[in-house]
Each structure stands twice: as C-alpha cells, then as structure tokens.
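Working through the structure, step by step
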4 protein chains.
Amino acid sequence: MNKFRFLTAGESHGKCLTAIIEGLPAGLNIDIEFINNELKRRQQGYGRGERMKIENDTVEITSGVRFGKTLGSPVTLVVKNRDFEAWKKIMSSAPEDVTNEKAFSTFRPGHADYAGSIKYCQSDLRNVLERSSARKTAIEVAVGAVAKLLLKELGITGTSKVTQIGSACCPANFSEEVDIMRGKGDTLGGRFVVLYKHLPVGLGSYVHWDRGLDGRLAQAVMSIPAVKVVEIGTNPLGYKGSEYHDEIFVQDGEIKHKTNHAGGIEGGMTNGEDLVVTGVMKPIPTMKTPLKTVDAKTMEETEAHFERSDVCAVEACSVVAEARIAWILADEVLLKYGGDTIDELKKNYN
Amino acid sequence: MNKFRFLTAGESHGKCLTAIIEGLPAGLNIDIEFINNELKRRQQGYGRGERMKIENDTVEITSGVRFGKTLGSPVTLVVKNRDFEAWKKIMSSAPEDVTNEKAFSTFRPGHADYAGSIKYCQSDLRNVLERSSARKTAIEVAVGAVAKLLLKELGITGTSKVTQIGSACCPANFSEEVDIMRGKGDTLGGRFVVLYKHLPVGLGSYVHWDRGLDGRLAQAVMSIPAVKVVEIGTNPLGYKGSEYHDEIFVQDGEIKHKTNHAGGIEGGMTNGEDLVVTGVMKPIPTMKTPLKTVDAKTMEETEAHFERSDVCAVEACSVVAEARIAWILADEVLLKYGGDTIDELKKNYN
Amino acid sequence: MNKFRFLTAGESHGKCLTAIIEGLPAGLNIDIEFINNELKRRQQGYGRGERMKIENDTVEITSGVRFGKTLGSPVTLVVKNRDFEAWKKIMSSAPEDVTNEKAFSTFRPGHADYAGSIKYCQSDLRNVLERSSARKTAIEVAVGAVAKLLLKELGITGTSKVTQIGSACCPANFSEEVDIMRGKGDTLGGRFVVLYKHLPVGLGSYVHWDRGLDGRLAQAVMSIPAVKVVEIGTNPLGYKGSEYHDEIFVQDGEIKHKTNHAGGIEGGMTNGEDLVVTGVMKPIPTMKTPLKTVDAKTMEETEAHFERSDVCAVEACSVVAEARIAWILADEVLLKYGGDTIDELKKNYN
Amino acid sequence: MNKFRFLTAGESHGKCLTAIIEGLPAGLNIDIEFINNELKRRQQGYGRGERMKIENDTVEITSGVRFGKTLGSPVTLVVKNRDFEAWKKIMSSAPEDVTNEKAFSTFRPGHADYAGSIKYCQSDLRNVLERSSARKTAIEVAVGAVAKLLLKELGITGTSKVTQIGSACCPANFSEEVDIMRGKGDTLGGRFVVLYKHLPVGLGSYVHWDRGLDGRLAQAVMSIPAVKVVEIGTNPLGYKGSEYHDEIFVQDGEIKHKTNHAGGIEGGMTNGEDLVVTGVMKPIPTMKTPLKTVDAKTMEETEAHFERSDVCAVEACSVVAEARIAWILADEVLLKYGGDTIDELKKNYN
C-alpha cells in the first residue's frame, strides 16, 4: 500500500478494534451509515454463531473527519467489542490482573495456535487466538467501506456473492447444507465471487512484478483467514488457447471483449471489463465434534479446545474479500490519478 | 519486500535483463553454476518455441560479490539477450534511430497490448510487448536462484513440477497433448505445484493482514504472466471440517500433522509441514491460428499479431513460481532471524 | 520503517490521539508509568502556555498488550484530549454539526496554514491547524516511549537536553530569556542535543543510500514541527581533516575513538561511540504581537490569527527528538537482530 | 520512495555502477547529453584527486528507453569504471581469483572501515571501502539527472553552489585554501547550498511525520557520505519569532512571502517560495599525512591506509545533494499529480 495505507489492531475480546487510515484525499464524504451497513453485511449469512447476535458492530470515527468530510489527515476508526465488560479482567493490559481464566493449551488444528505459540513463545494459546481470530476482519471491512466510498466517487462499484457452500452450488440449498452440518457438529466452507464494475483501463502494471494488480488482489484475498484458493476470472484448466482468450471487437467506437475469461485483467492491468475474483474458503476449523490434537503443556494427545463459533462463514468471508479488494483498488486509483482532494482526483480521473 | 529487496529491468529484445538485489547478508557463497542451471531449467519443457534454442541464458555478476562471496552490498545480475545484435537498431535508446520496423498495432487478446497501450499511450504495441513479455522472468529466476542459495544455507530446499497440461494429468501424455495443439496452431496451459521442505515454524504472521505468508506467496505466484489460479495446500471445495483439517500428534517428541491439507500454512504462518503452492497457467495467448481482434490505428477488426512463441510453457512457469517463492521465503527468513552475515543468520537460526 | 512500523492520528482538539504500532516482538514488558512519564517530560520546560496545565497526558492501551506484556500483535495507544468536551461540537465528525465557530482565515506565517489550505482546499484554516499543530507530537512521544522500552532491554539508553534558548547558552539564563520575550509578546527557539549510549556497532549501513542511519535520524528530527537544522556530531565547519576525524586506539582489547566529532556514526553506521544528534528549533510562529499576513477570504492584508500558545518549546522539541530517534533505533535493532520475542532478540543481540 | 523508486549498485573499482529506476511515466524525453553533463559536474571543483581525470563518466542506458523516450518500464543506467581493466582480477566475483593484492587492514578514521568490518565480518577492509566509497555517488547523480529531466517538464529547476571551503567564504579564496591544505597533506570540508525554483505549493504534508518534505530532504542530504549538517532555509539560532517568520502579502493577486527564512517549506510542505537546503561536509578523512589508528589484524597502533583521494570535494558533494533532492521532488510530484505518461502528469499539474 503506497498511498492508501493503514494499520489495524485489536484482539477478539479486547476493548475495541482500531484502524488508522493515512493517505485519503481531503473532502471525501464519509457516510457512517454506509460503513455500519457494510459491518452488518459481514455479520450476516446462514450458519453464523451466537456472537453475531451480540455484536451488531458500529464504527466510531475519532480523527480525520470533520462535519462529514475527510480533512486529509489520518482517519481513526474504532469498533467496540460489545461483550468487553465480561472480558475486561481476562483481557486486561495491566500486569497485576494476570489470571488463568479462559487460558487453554490444546492446539486447534487449522488455526494459528500451534505455529503462533512457537513463534511468539506463548503457553496460553489465548494469546494467539485473540489476534488470529477472524474477529479482526470487522475493522478491515470498515476500512474497506471507506475505500468503497472513495471508489464510488469515481463510479466504481463492487459486490460479492456466495456461489457454493459445501457441495451445494444452488443458493436454495445453502441452508439445508448448513443445517445438516450443524446437526453433526461439523463445519463447511465454500466459494465466493467478488465483482467490481466500471473500472478504468490500466490500473496495475506489467512493468514490475509487484505492480501487477492480479498479484496484489491475490495477496489481499489469500491472506483472509481460511481462504486457500484465489482465482482471477475463469479457471483456465481444460481450456485451449483458442477457447480461453477474450477476442476483441469494436462497439460504438469502443474496444470491447467478447467474453471475460480474463476476469477483467490482462497483463496485470484492468482492461475495462468487470473485475472478477473468486475465492475458496476452507471449512471453519473450530468444531463441536472436536479434532484430535495435542496439549502443549503435557504433550499428550487430546481433543481440540472449542470456543463459540460458526458452522459456516462463507458469506462473511465474501464481504471481507470485497472490502479488501476495495483497499487495493483505492490505492491503485490514488497512485494513478493523484490528487490531494477528492475534487482533484475526480478532475484527473475524467 | 523488506530486507530482500530488488528491482528487475529489461526488454525482451533489449541488450540485457538486469536485476539489483539489496539486503543480502555478507559472506554468502554465490555459485554461478547453480544460477545458470536454474536459468536452464526455465528454458526447458516440451512445447517451447525456437527462441529457447537461441537463448541459453547465463548470468554475469557486476557488483556485490568478490571472490565468490557476497560483500553485503547490492548484487547486480545481468543476463544478456543473445540475439540483441539483430535488434540493436530496433530497440535503440537513441532518438535518431527511430524506425517503424517491427512495429505493430493489432491488439493480441490475452496479452497486455490493449490495456498497456491505453495506460502508457503507445501506438506501436511493441512498446508494450517488449516489457510485458514473459522474457523478463529469466532475470527473476536468477534472483530466485540467489534466494535459493541463501535458503540452502539453512537447509531449506524447493522443487516444482508440472501436474497437468491441457487435459492430461499424466506426464506420459504431456508430449502428445502438446503435439496435437502444435498441429492445430493452438496452445495449452496447465497446472504446476511448488514444494518447499524443511521450513522453520513461524514464517509469516497472523498479526496483520500484509504479514500473512499465504498472501505474500499468492501475490508472487499470481503476478507471473499467465497465472490465473493460486492454491495453498488442498483445494477445500467439497471437504467438511472434520475431513479437511490436519490433526496434530506427537512423534518422537515433536509436533506433527497427520495430513497436510493446509499445505504447510496455518494462520498465515509455516507450521513445520511442507509448503505446497499450486498454480494454474492459462494457455499462451499468442497463437499461429490467430484470434480475432482490432487494429488500434484503423479501429477495424482484424487478426492478432503473431510473433515467435511457445505452444506450452507450464514448465517454465513452474520454475518461475519456484524462484519467486524463494524470494518471499528469503525475505521472511531475513526478517525473522536478522543477521548481517550468513554466519550470524545461521547462528540465530539454530 | 520496516519492522517497527506505526501510524499516528488525531487532531489537536479532537477526541483523542491514537497510534498503532505493528512489529513489536512478543513478551516485551510495557511499563505504562514509564510511558506516562515520557508524556510528562514533553509537557515541561519553561515557556510553555496554559494548555500544558490542562493536559497532563496519560496513555491508554487498547490492544496488543496483555497482563503487562506485548502479544506480538499491533499495540494501540490512545491519549485523550482533556478539553474535548468543550470542543465536541466544533470538532464533530457528523455533517449535521457543521458550524463556523472557531473558524479562521488569516494565514499564520511560519505555520502550515497557507500551503495546507491550498493543498487540501480548505477555506476554514482550522481544518489545517488541527492536524499541523504540534499537539500530535504527544502520541509520537508515547510511541517513542515504547521504542525506548525495547531499547532498554538491550541496555541502550537515551537522554536529551536543551543547550541554547534564544541567545542564552547557559541554562541559568534560560528563564530570563523567556520572560523577556513573553513580556514583548515575542517567541524564541533554541538548540537541543539528543544522546544515546551503549549502542552496538553496525546499526545502519553504507551499502545503499536509504540505509544510512544518519539519513534516517535526520529525517526523524527535521520533520519535527519547527526544526530547521539537524547535525550529527560536531559541526565540521572550520575544521581541517587532521583536527576533525576521531583517531582510533585500543583500550583493554577494545577499539575506541579518541574523540567523538563523528557523533557515533561513520559510514552511516554506529561505530560504538555515543550517538549525538543536535537540532535547532525556530521560534514558535504563533505570537501575541502578531505578524502581518493576508486573509484568505478577502485577500486583504491583516494580522495573523492568535491561538493560545507557548513562548518557547525547545524542551518539548528535545523530548520529541529523543522519542523519534528511539523509533529509528528500535527499527534498526529489530532489522539487524531479528526475533519474534524479546528473548529471541536478546539472545541474537548478545 | 513510493513512485520514483530505484536501487543502485556497484563497487568503486568494480566493472560498473548500475541503477534501475522504476516508476517513471512513459514518454519522458531522456537527453543523454544532459545526464552526462551532470556526471561531469560531479567530477569538477578545485581540490579533486587524480581519479577525476581518469574517469570522465558517461552513462549507458540498457532498458526502459526507446528512441529517446521512456517506455514506462524500468530504466537501467550503467556507468562503467574506466580503470576496471587494472582491477579486474582484484575485484573478480569468481572464487578462484582470490588474492591479497590491494588488501589492507588499518582502519581509516572517519570512514566506514571499522564499523563496516564488524558489521559484515570482513578482515580485508577493501571489502568495506569498495562500496562505502563516494564513488557510488556517480550513479546517484545519473539517477538525479533523470529526475531533473522529469522536473524540467513541469518547469522546476535546481542549482547548487559551494558557499564555504575551510574558513574561506569567498569563492575567490577557495583555491588558495585548498592549495595550502594540499601542501600540508591535510584536507578540507565546507558548506553548500541547493536551490530549487518554481515548485508548486503543497509538495509534502503535515498529516504524518514521514510525509514531511523537510524530513525527506534531510534524509537525502544527510546520508551523502561526509555530510554532517543539514539546514532548511535560514538557521534560526539567534532569531526572535518576530524576526524569523516570513510575513505574507499579496502581489498581483498572488500570495507571497516578504522573506524566505523558511527556505520554501512551512508545515513540511512547499509554500511557493524557493526551496533552499544547506549542507555541511566534513573534511575528507583520507589524508596524505595519515591519522593514527589500529591494525585490525595485529590490534596494534599504526597509521591509516592511504589511497588516492581528493583534498576537497565540496563541489561534488553539492552536485550530489542537488541530484538527491531531485529524486525526492520527482517522487513527490508523481505522488501528488499521478499520471502514467508525461502528458498526463503535465495535464494534471496544470
């Protein structure tokens, strides 16, 4: 991230999640309802656990915005954790509050527990769980919402949808698939697609490997907790060259592609067609019917720790991917068109 | 890239490809035969065009190495283009040499031509082709070879292989598949797998989105020209949670996973198992039987420009992916263990 | 900043100042009293205005620290603005709260007002003042305090002192100098020195321009509001080579320098001697006896806007410089020695 | 460096110096005579040693430029070392060429020798000298010349001059001052000023510490070998606020400052006045009448190694500072105005 840069922070049961965004142009309208609505979208989807009912996330802005408009200075977003009161002592930053309550030491397979405990030398795996939890994606969605507000000023819009849950490819069957797994104490993953429309030609570049937009998008989506596969456009497996590539023609004086197997990216750049990014999420690793594992303290085999969790969170994952892609696109747009104010950006853009 | 940082340069028919690598520890043995052998691996594989016979790439080192060891200063790698003599005038940097020879204006679908011509405002598409060509991956492989030499000092080794070409999943059928397409003037893509062994636990991190190793690897592989799909470990589509996650057990006092669906990464970190990254390459877009397209000058429909090309280059792509993953791992290792000399790095590593 | 990276945010009269620090090793003891004491040091010094009495800054940690130790995850620091209640409406982020109260349009010479109003297209100069104010250095000092806690673990310690105020070079005369100016409604600058002791040899590097420690320190100090001069070691003006350079000798088997004109840096690297960085701060531009300027709205000449301010803040500036140098040194130490935990860092360091 | 990014490489007696510049817009005219002339300027000035006569540096461009214009792809600049033939074996990258010829082990005070030998664990100090030498500034000047070509398209121009050598502040006395020192086998430093004109208002920013233009310039100048002091505008020591700050007035409808003590920067941003940056260079540490030091092998006291050197190089230093400031300004301009082609940049700029 070069112009649209930010850091996020916050533990799953800490006081709050925080983000600071640096590099926004001045004069951008910040619609807090829009941000809250994006946060709400992340909390929806069949298969979510109880926490989603508790949370009902909303954002507070503590810097960088005055009277509804960005000042050009860093924007701080804060999303409070609603059940922090219950965790206040357990998650305290003060040395004198030290407690073993809620500590655990059985590595949960598929999570950061084992590698994280080695890396950061933690015997209480809560010290790993708290930040490795997907809870942190809430503030990421808030950052993405701000990026989307920027993109909207240029007419760029994004959506996403779930296209497969477990083995069900038809939305009508998603709930049933989830209910069966819930009954078994098992979990499901799935597939989602993110679509961005009305992008200009030439975001990204072929001139240096790290400027390829496809690579930047892949990083943003693959690093979402639980995502294991990223595709740009159509998976080319089984296609011949003559079938796969999108032929070019002229329509009303404009260059168009007959198909969009490329997913809107050729040579690492947007080519004027819709941007299509697909991700596959693995099944949630926290399961009521626990996996076999090892206890870090005794080094004996046992069953994985279970904490309140979802059966399926592909819809949330899809919203997070949509938000993260907005980050990258916002950064690309700011790099390409410059501008210290939203009006300058728009003038350069047109 | 934070410690292992580099830039590459060079046009496909320019004088040479160049890379500068900054951030290597001092005292690393630079085995030039090893680098040249990696360059050779990139040029192999059934289905390559004639250029591969001309090239036979070798590297020259013009800085940063003395008497076979790195000095700690930036290392310059140069790979000459063997047929530059024939292109000297056409690719000249001097204003007085301007010529239309080898110019073309028909957008090749699947290439950077169209978006690149808009982005950089070029009417001669050679000005796009020359840098967007996969030729630049030669110097990337040289950079990767240096990264592999660093990793080897820590016992980390990488390999890669092609697992599918067109519809053939068995190596015995690869040649046949390619020959058929060559006969038709068509092209093929395929699938490859990169494997790294003996990685320490805890490269990458879950603490911030851009520190996830999975994301960094996905960027490195997805931004290879023609790659459209990246997978870490097993594609989870169709798996239930109870089937997918790798149960943990103790063997000889060490933590192990029973399976490796995660591909060696949990929570964005290496978990001690083999790192497995899969990529899918689209069919090469340059075809003898040309695709329909548009001429940029006349805006009339025509057939795509054809320039000497391969029928299939999945093997090269696989070697490039292996090299690029070495970049990321070298950077991660240097970040985690520090050290201004190879001996310090090794001391900290153990 | 490569490993010790952070962003700060917050307006002078906003709700709070916030910083997120990413890249700290796990297990570092966070002594909140130490941080608060550093904040207090910034608020002291003869010549400060009334705000210093109101503020009495203290920090709250909302992420990244549990039971007194860092988790490896991003650390959020929050410093509340004590008089926010009075400014709540004036600094509101909500569009419906828009007001002209406290708006002003006369450019204050020596401040960001004029250039900032052009850059971010602001007619109410409060939108520039609020972030360009030196108030933001409070949170920078908090970040520096965390960096100092890290450095302390390695035995590295820093101090700073004011060596000149106005024309007074003797601390005994500082108050008098300030009092005279206060009487005249005028302001003073001065000179300060930052000193760091017990640094290892070899932080920074000569291998690439942006790795020189001298350059990084100069950036950190020169970008403090009001600093116009940075010196490393002794100002060489008027010295001959034979006088300036620090001859080398052996003492108890260790290499030492007879003098320290170099200020502890040779070839862009620490050389084992004390690090000495000097800065010169300009007089505070906000004055009771106002400067002549222009009103942005009428484009007519007028007198500069006056807001509660200090007569002299060199001592605060000195503490900020000390804090910022801690940032750079913390980053350098983490880059050179690696380590995901404080214990690993210390093991590699020794 | 965010958009105008580059790496340089090369040893003092290696085959060549190399730079790769990534991020230039396409369509920029590259006037090779201009670059060569800048290289020549670096080699001038009274007090230079014999090497300047041998060198007569010229640049070769091996990528990124075709028919005199940038392509948008990375530009490779190569400056050959003219006397490489004599050093070919001594500086060979091949392990089999290892030799002790030209090796030395006496630390030269004021150079990188001691700290560099510890950091990179080198017993032959040539392995430190070769990269820490100011020879590398030749390629930095070439990079700066390209940046200046970019700035010239926007009407921004830079110059520099030496204002003091030793104790002589009048150019008429510079030669005499140098001659006296040459006679004594001693060396001199001095002071130089860099001036850039016609800058737009609002390069840099106050919103985050690392976006202050003053800080970025200070880094670029302070990290030049031998520079110990950097000043932006007038050194404020001894000024009262009422004297120092530049009052604002209106002239022909435009905002102007009556004086320019600020050196063209307020609030970390350009304010429309001339940019004035002053640096002080220490005397060259390599002296015919050698300093006392220690031999790294015997740990006994001895005299410093002497290698062909200058008596005074303030003029070269001044040209290097001018070039480096061009880097920063080019990066700032590209960040603020965007544009993938020089025409887009110019359109956005106006």
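Above this text is the structure in question.
Residues numbered from 1 in each chain as written. Chains lettered and ligands numbered in written order. Predicted model: local features only at pLDDT ≥ 70, side-chain atom pairs only at ≥ 80, totals over all residues. Heavy atoms only, no water.

**Description of the overall build of chain A**
- Along chain A, the regular secondary structure elements total eleven helices and 16 strands.
- Taking the principal axes of its C-alpha atoms as reference, chain A extends roughly 70 × 50 × 40 Å.
- When the 350 residues of chain A are sorted by exposure, 69% land in the buried category.
- Considering only contacts within chain A whose residues lie at least 6 apart along the sequence, 71% involve residues at least 24 apart.
- Total accessible area on chain A is roughly 11,100 Å²; 48% of this is exposed by carbon and sulfur atoms.
- Seen as two clouds, the 44 positive and the 47 negative side-chain charges of chain A have centres 2 Å apart. (Helix = DSSP H or I, 4+ residues; strand = E, 2+ residues; numbered from the N terminus. Buried < 20%, exposed > 50% of the residue type's maximum accessible area, 1.4 Å probe, protein only. Contact = heavy atoms within 4.5 Å. Areas by Shrake-Rupley, 256 points an atom, 1.4 Å probe, with all protein chains shown as cover. Lys, Arg positive; Asp, Glu negative; His and termini not counted. Charge placed at Lys NZ, Arg CZ, Asp CG, Glu CD.)

**Comments concerning the relation of the copies chain B and chain C**
- Of the two same-sequence chains, chain B is brought onto chain C (RMSD 0.0 Å, axial shift 0.0 Å) by a rotation of 180°. Both chain copies can therefore be described as sitting about a two-fold axis. Among all residues of chain B, the one whose C-alpha sits closest to the rotation axis is Gly338(B), at a distance of 2.0 Å.
- Mapped onto chain C, 100% of the interface residues of chain B again fall at the interface, so both copies present the same surface. (Least-squares fit on C-alpha atoms with pLDDT ≥ 70 in both.)

**What about the pairing of strand E1 (residues 5-9) of chain D?**
Residues and elements named next belong to chain D.
- For E1, the buried fraction is high: five of the five residues fall into the buried class.
- Across the two faces of E1 the burial is the same, with Arg5, Leu7 and Ala9 and Phe6 and Thr8 all buried.
- Relative to strand E2 (residues 16-22), E1 runs antiparallel, the two sharing five bridges. Note on E2: the bridge partner recorded for Leu7 is Ile20.
- Where E1 folds back onto E2 in an antiparallel hairpin, the turn is made up of six residues, including Gly10, whose phi is positive at roughly 130°. (Pairing = 2+ DSSP bridges.)

**Topic: the interface of chain A and chain B**
- Across the contact, 98 residues belong to chain A and 98 residues belong to chain B.
- Summing both partners gives a buried area of about 7,900 Å² for chain A against chain B, and 64% of it is carried by carbon and sulfur.
- Broken down residue by residue, the surface that chain A buries against chain B is led by Tyr206(A), Trp209(A) and Lys228(A), which jointly contribute 12%.
- Seen at the junction of chain A and chain B, the total is zero salt bridges.
- Counting across the chain A and chain B interface gives 33 residue pairs in polar contact (both at pLDDT 80 or more).
- The leading source of residues in the side of chain A that touches chain B is helix H8 (residues 213-222) of chain A, at seven residues.
- Of the residues belonging to the side of chain A that touches chain B, the class tally is 45 nonpolar, 30 polar and 23 charged.
- Across three bridges, the pairing between strand E9 (residues 227-232) of chain A and strand E9 (residues 227-232) of chain B is antiparallel. Residue pairing across strands places Val230(A) opposite Val230(B), the latter belonging to E9(B). (Buried area = accessible area lost by both parts, 1.4 Å probe. Salt bridge = Lys/Arg side-chain N within 4 Å of Asp/Glu carboxyl O. Polar contact = N/O pair within 3.5 Å; in protein donor to acceptor, adjacent residues only side chain to side chain. Nonpolar A, V, L, I, M, F, W, Y, C, P; charged D, E, K, R; others polar.)

**A closer look at the sheet that holds strand E2 (residues 16-22) of chain B**
Residue and element names in this part refer to chain B.
- Across the sheet, which stays open at both edges, the four strands sit in the order E1-E2-E6-E3 with antiparallel pairing between neighbours. Only two strands of the sheet have a single neighbouring strand rather than two, namely strand E1 (5-9) and strand E3 (59-63). Along the sheet, successive strands turn relative to each other by an average axial angle of 20°, direction set aside.
- Of the strand pairs in this sheet, E3 and strand E6 (residues 75-80) are connected by four bridges, and their pairing is antiparallel. Looking across to E6, one finds that Ile61 is bridged to Leu77.
- In this fold helix H1 (residues 32-42) packs onto E3 and E6, with an angle of close to 135° to the strand it touches most, E3. (Axes fitted to C-alpha atoms, helices over the stretch in contact; angles between N-to-C directions.)

**So, the relation of the copies chain A and chain B**
- Superposing chain A onto chain B requires a rotation of 180° together with a translation of 0.0 Å along the rotation axis, leaving an RMSD of 0.0 Å.
- Of the residues that chain A buries at the interface, 100% are likewise interface residues in chain B, meaning the two copies contact each other through the same surface.

**Some details on the interface of chain B and chain C**
- Between chain B and chain C, the residue contacts involve 23 residues of the former and 23 residues of the latter.
- Buried surface at the junction of chain B and chain C, both sides included, amounts to about 1,700 Å², of which 36% is carbon and sulfur.
- The tally of links from chain B across to chain C stands at six salt bridges.
- A salt bridge links Asp340(B) to Lys336(C), with the shortest nitrogen-to-oxygen separation between them at 2.5 Å.
- Across the chain B-chain C interface, the total number found is eleven residue pairs in polar contact (both at pLDDT 80 or more).
- Looking at the side of chain B that touches chain C, the elements that each hand over two or more residues are helix H10 (314-337) and helix H11 (342-349) of chain B.
- Each residue belonging to the side of chain B that touches chain C can be placed in one class, and the counts come to four nonpolar, ten polar and nine charged.

**Here we look at the pattern of salt bridges**
- This structure, assessed with the given rule, holds 102 salt bridges over all chains.
- The salt bridge involving Glu332(D) is made with Arg216(D); its shortest N-O contact spans 2.8 Å. Of the two residues, Glu332(D) sits in helix H10 (residues 314-337) while Arg216(D) sits in helix H8 (residues 213-222), which places them 116 residues apart along the sequence. Like Arg216(D), Glu332(D) is buried.
- Bridged by salt links that share partners, the residues Arg5(A), Glu22(A), Asp210(D) and Arg211(D) form one connected network.

**Looking at a positive patch on the surface**
- On the surface, Lys80(A), Arg82(A), Lys80(C) and Arg82(C) cluster together into a positively charged patch.
- Inspection of the secondary structure assignment puts Arg82(C) in the loop between strand E6 (75-80) and helix H3 (84-87). (Patch = residues over 30% accessible without salt bridge, like charges linked within 9 Å, V, L, I, M, F, W, Y side chains within 5 Å.)

**Some points on the packing of helix H8 (residues 213-222) of chain C against helix H10 (residues 314-337) of chain C**
Residues and elements named next belong to chain C.
- Between H8 and H10, whose axes approach to 9 Å, the crossing angle comes to 145°. Crossing hand, H8 versus H10: right-handed. Side by side, H8 and H10 meet where Leu213, Arg216, Leu217, Ala220 and Val221 of the first sit next to Ala321, Arg324, Ile325, Ile328, Leu329, Asp331, Glu332 and Leu335 of the second.
- Grouping the amino acids of the contact of H8 with H10 by side-chain chemistry returns nine nonpolar, no polar and four charged. (Left-handed = near helix turned anticlockwise from the far one by under 90°.)

**Section: the packing of helix H6 (residues 137-153) of chain A against helix H10 (residues 314-337) of chain A**
Residue and element names in this part refer to chain A.
- Remark: H6 packs on H10, axes separated minimally by 7 Å, with the N-to-C direction vectors making an angle of 45°. As the angle between them shows, H6 and H10 are arranged oblique. Seen from above, H6 lies across H10 with left-handed handedness. Together, Thr137, Glu140, Val141, Val143, Gly144, Ala147, Lys148, Leu150 and Leu151 of H6 and Val319, Val320, Glu322, Ala323, Arg324, Ala326, Trp327, Leu329, Ala330, Val333 and Leu334 of H10 make up the contact between the two elements.
- When grouped by side-chain class, the residues that make up the contact of H6 with H10 number 14 nonpolar, two polar and four charged. (Parallel < 35°, antiparallel > 145°, perpendicular 65-115°, else oblique.)

**Topic: the sheet that holds strand E3 (residues 59-63) of chain D**
All names here are of chain D.
- If you trace the four strands from one edge of the open sheet to the other, you get E1-E2-E6-E3, paired in antiparallel fashion. Two strands lie at the open edges of the sheet, namely E1 and E3, each paired on one side alone. The sheet shows a mean angle of 20° between the axes of neighbouring strands, direction not considered.
- Most of the contacts of helix H6 (residues 137-153) go to E2, to which it runs at about 30°, and overall it touches E1, E2, E3 and strand E6 (75-80).

**Remarks on the packing of aromatic side chains**
- Within the structure shown, the criterion is met by 32 aromatic pairs over all chains.
- Measuring from centroid to centroid gives 4.7 Å for Tyr337(C) and Tyr349(C), while their planes differ by 65°, and the two rings are edge-to-face. Linking Tyr337(C) in helix H10 with Tyr349(C) in helix H11 (residues 342-349), this pair joins segments that are twelve residues apart in sequence. The pair formed by Tyr337(C) and Tyr349(C) is uniform in burial state, with each residue classed as buried.
- Put simply, the rings of Phe4(A), Phe6(A), Trp327(A) and Trp209(B) pair up and form one aromatic cluster.
- Above the face of the Phe34(A) ring, Lys152(A) is positioned so that its terminal group lies 4.3 Å from the ring centre. (Phe/Tyr/Trp six-rings, centres within 6.5 Å; stacked < 30°, edge-to-face > 60°. Lys NZ or Arg CZ within 6 Å of the ring centre and 35° of its normal.)

**Topic: the state of the cysteines**
- Taken as a whole and assessed by the stated rule, the structure comprises zero disulfides over all chains.
- With no disulfide of its own, Cys312(A) has Cys317(A) as its nearest cysteine by sulfur position, at a separation of 9.6 Å.
- Considering cysteine sulfurs only, Cys170(C) is the nearest to Cys169(C), which forms no disulfide, with 8.7 Å between them. (Disulfide = S-S within 2.5 Å.)

**Let's talk about the side chain of Glu177(D)**
All names here are of chain D.
- Following the sequence through the fold, Glu177 ends up in helix H7 (residues 174-184).
- Among buried Asp, Glu, Lys and Arg side chains, Glu177 stands out as unpaired, with Lys184 the closest opposite charge at 8.7 Å.
- Polar contacts involving the side chain of Glu177 include one to the main-chain amide nitrogen of Ser167, which spans 2.9 Å.
- If near-sequence neighbours (up to four positions away) are discounted, Glu177 is found in contact with Ile165, Gly166, Ser167, Ala168 and Leu188.

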